[in-house]
Amino acid sequence: MNFKKIGKAALTGLIAAALAAGLAGCGKDSGADGGAKSADGKKVITVAHTNYYVPYDFVNEKGESDGFEVAVMKEVAKKLPQYEFQFVPTSDDDLLIGVESGKYTVGTKGIWITDARKKKYVFPKNNIGASVIGLAIRKENAGEITDLPSFAKFSGKLVPIAPQDARYMVIDTYNKENPDNQIQLTSSESFQVADAYSWVLEGRYDGYFEVELSYKNNIANADAPYHQFNDRLTYIRYKGIPTYPIFNKKEQAFADEYDKAIEELRAEGKIAELEQKYFGESLSDYLK
């Protein structure tokens, strides 16, 4: 898949989002539950997704909603024909605020569960997918650092993480499970991702904890913005983290229907098929 035009596609997505937002207020009848109804009386389910997060959720070169999580939600739509699903590409902030306010029924963008998010949204029982988290380290240390325990033993000097960041929770959990071999978990000030890579290369810290997809997009890919660091940094996988769609607080019943559909899709092998299509492997295997 060619992603070089993703910037243009993202712009297309923003335009599509604006049009969808405008259409959402037009030509729809309000149902008894206050939700929009389609022309044939079905409740409209608005699925917001980020327009750039390849391969999870994005707008492709044809201007269409695409990505692994989008594809899964389209399969869920087939299982729930009593609804009309509308996919709305948008920004991170609009998705989060929009689902919380009820502008969107559900949103998907590779989301992890956190205590703060559980207060704002309904999370289903079943995850939609997974993302892999791990360490960016100096290549010269790759012989000594092969996982989190060996990193903790090496020095444990980790680039600080904001407490509200889901990555903070992952390291905090690791430390609680390994009281005799802990990683230095400190809170961060705001900084640019390029700073984190530079701090590791300079020796200020020995590892930067980040999602593998971000590392690929920032470092490993040939057209990555910091590809010049690729010959000096490497990445070590730690584990898979389940990702979930988030539902508006009033949509518990719909979240329950999503759960049933996901269970059927997983049993049928459809989720595994889509993982192979978009990732070339089963990220769900890293959750075991």
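The chain appears in an unreviewed UniProt entry as Solute-binding protein family 3/N-terminal domain-containing protein from Selenomonas noxia F0398.

A.B. asks: Describe in detail the overall build of the chain, supporting the description with residues and values.
C.D. replies: Looking only at helices and strands, the chain features ten helices and eleven strands. Here the chain holds 288 residues, and 48% of them are scored as buried. Residue pairs at least 24 apart in sequence account for 71% of intrachain contacts in the chain once pairs closer than 6 positions are excluded. For the chain, the accessible surface area stands at approximately 14200 Å², while carbon and sulfur atoms represent 49% of it.

A.B. asks: Can you explain the confidence of the model for the chain? Please cite residues and give values.
C.D. replies: When pLDDT is averaged along the chain, the result is 88, and 87% of the positions lie at 70 or above. Taken as a whole, residues 1–34 scores under 50 in pLDDT and shows 37 contacts with residues more than four places along the chain or in a different chain.

A.B. asks: Could you give an account of the packing of aromatic side chains, with specific residues and numbers?
C.D. replies: Within this structure, the stated rule accounts for 18 aromatic pairs. Ring plane angle 55° and centroid distance 6.3 Å describe the contact between phenylalanine 209 and tyrosine 238, whose orientation is recorded as tilted. On the criterion of sequence distance, the pair formed by phenylalanine 209 in strand E10 (residues 208–211) and tyrosine 238 in strand E11 (residues 233–247) is long-range, its members being 29 residues apart. Between lysine 74 and the ring centre of phenylalanine 87, over which it is positioned, the NZ or CZ distance is 5.6 Å.

A.B. asks: Can you break down the environment of isoleucine 45 residue by residue, with the values?
C.D. replies: Structurally, isoleucine 45 can be placed in strand E3 (residues 43–50). Once the C-alpha coordinates of isoleucine 45 and phenylalanine 85 are considered, the two residues, 40 residues apart in sequence, prove to be 4.7 Å apart. Look past the residues within four positions of isoleucine 45 in its chain and what remains in contact with it is Tyr83, Glu84, Phe85, Gln86, Thr105, Val106 and Phe254.

A.B. asks: If you had to explain the UniProt feature "coiled-coil region" (unreviewed entry) in the chain to someone new, which residues and values would you point to?
C.D. replies: Feature annotation in UniProt assigns "coiled-coil region" (unreviewed entry) to the following positions: residues 248–275. In residues 248–275, the share of helix is 82% and the share of strand is 0%. The end C-alpha atoms are 26 Å apart.

A.B. asks: Can you lay out the packing of helix H2 (residues 68–79) against helix H9 (residues 252–268) for me, pointing to particular residues and giving the numbers?
C.D. replies: Contact geometry of H2 with H9 gives a least axis separation of 9 Å together with a crossing angle of 105°. Comparing their axes, H9 and H2 come out roughly perpendicular. Residue-level inspection shows Val72, Met73, Glu75, Val76 and Lys79 of H2 in contact with H9, the latter providing Tyr258, Ala261, Ile262, Glu264, Leu265 and Glu268.

A.B. asks: With reference to specific residues and values, describe the environment of asparagine 217.
C.D. replies: Residue position: asparagine 217 is located in helix H8 (residues 212–220). In the structure, asparagine 217 is positioned ten residues away from histidine 227 in sequence and 9.0 Å away in space, judged by C-alpha atoms. For asparagine 217, the contacting residues outside a window of four places in its chain are Val54, Ala224 and Pro225. Looking at asparagine 217, its side chain comes within polar contact range of the side chain of asparagine 221, at 3.3 Å.

A.B. asks: Before we move on, could you go through the side chain of glutamate 212 and cite the residues and values that matter?
C.D. replies: Examined against the element boundaries, glutamate 212 turns out to sit in helix H8. Here the side chain of glutamate 212 touches arginine 237 through a polar contact of 2.8 Å, side chain to side chain. Ignoring sequence-local partners within four residues, the contact set of glutamate 212 consists of Val132, Tyr235 and Arg237.

A.B. asks: Explain the pairing of E3 to me, and be specific about the residues and the numbers.
C.D. replies: Across the eight residues that make up E3, a large majority, eight, are buried. Pairing between E3 and strand E7 (residues 83–90): eight bridges, direction parallel. The residue bridging valine 44 from the neighbouring strand is glutamate 84, located in E7. Sheet analysis places E3 next to strand E8 (residues 106–111), joined by three bridges and oriented parallel. Note that in E8 the partner of histidine 49 across the bridge is threonine 108.

A.B. asks: Any chance you could break down H9 for me, citing the residues and the numbers?
C.D. replies: The terminal C-alpha atoms of H9, which comprises 17 residues, lie 25 Å apart, in line with the 24 Å expected from a rise of 1.5 Å per residue. Here H9 has its buried residues at Phe254, Ala255, Tyr258, Asp259, Ala261, Ile262 and Leu265. Among the structural elements, E3, H2, E7, E8, E11 and helix H10 (270–279) are those in contact with the buried residues of H9. Among the residues trailing H9, glycine 269 stands out with phi positive, at a value near 85°.

A.B. asks: I'd like a rundown of the nonpolar core, residues and numbers included.
C.D. replies: If you look at the biggest cluster of nonpolar residues, it comprises 26 residues, and the most contacted ones within it are Val72, Met73, Val76, Phe85 and Phe254. Every element with two or more residues in this core is listed here: E3, H2, E7, H9 and H10. The element that contributes the greatest number of residues to this core is H2, accounting for seven residues. Among all residues touching phenylalanine 85, those that are not within four sequence positions of it are Ile45, Val47, Met73, Val76, Ala77, Leu80 and Phe254. Core analysis: the second largest hydrophobic core is formed by 25 residues, Leu135, Ile161, Ile171 and Leu213 among them.

Conventions and cut-offs
Numbering of residues starts from 1 in each chain and follows the order in which that chain's sequence is written. This being a predicted model, a pLDDT of at least 70 is required before a residue's local features are given, and a value of 80 or more before pairs of side-chain atoms are given or counted; all residues contribute to the totals for chains, interfaces and linings. Excluding hydrogens and water, the side-chain values take into account all heavy atoms of the structure. Secondary structure elements are taken from DSSP: a helix is a run of H or I of four residues or more, a strand is a run of E of two residues or more, and numbering for both begins at the N terminus. For every residue, the accessible area (1.4 Å probe, protein chains only) is compared with the maximum for its type, and the residue is labelled buried under 20%, exposed over 50%, or partly exposed between those bounds. Any two residues whose heavy atoms approach within 4.5 Å are treated as being in contact. Accessible surface area values rest on a Shrake-Rupley calculation with a 1.4 Å probe, where residue burial reflects the displayed protein chains alone. Per-residue confidence from the predictor is reported as pLDDT, which spans 0 to 100. Note on aromatic pairs: the rings of Phe, Tyr and Trp (six-membered ring only in Trp) are paired at centre separations within 6.5 Å, and the planes decide the class, stacked below 30 degrees, edge-to-face beyond 60, tilted for the rest. We call a charge positioned over a ring when the NZ of a Lys or the CZ of an Arg lies within 6 Å of the ring centre and within 35 degrees of the ring normal. UniProt positions are given in the numbering used here, feature names are shortened, and annotations may be inferred rather than shown by experiment. All axes are obtained by fitting lines to C-alpha atoms, using only the stretch in contact for helices, and the reported angles, taken between N-to-C directions, cover 0 to 180 degrees. Any angle between 65 and 115 degrees counts as roughly perpendicular, while under 35 counts as roughly parallel, over 145 as roughly antiparallel, and the rest as oblique. Polar contacts, as used here, are pairs of N or O atoms within 3.5 Å; protein pairs need one atom able to donate a hydrogen and one able to accept it. Residues neighboring in sequence count only if both atoms are side-chain atoms. Between any two strands, at least two bridges found by DSSP are needed for them to pair. Under the convention used throughout, the expected extent of a helix is 1.5 Å for every residue step, that is, one less than its residue count. The criterion is simple. A nonpolar core is a set of buried Ala, Val, Leu, Ile, Met, Phe, Trp, Tyr and Cys residues joined through side-chain atoms within 4.5 Å.

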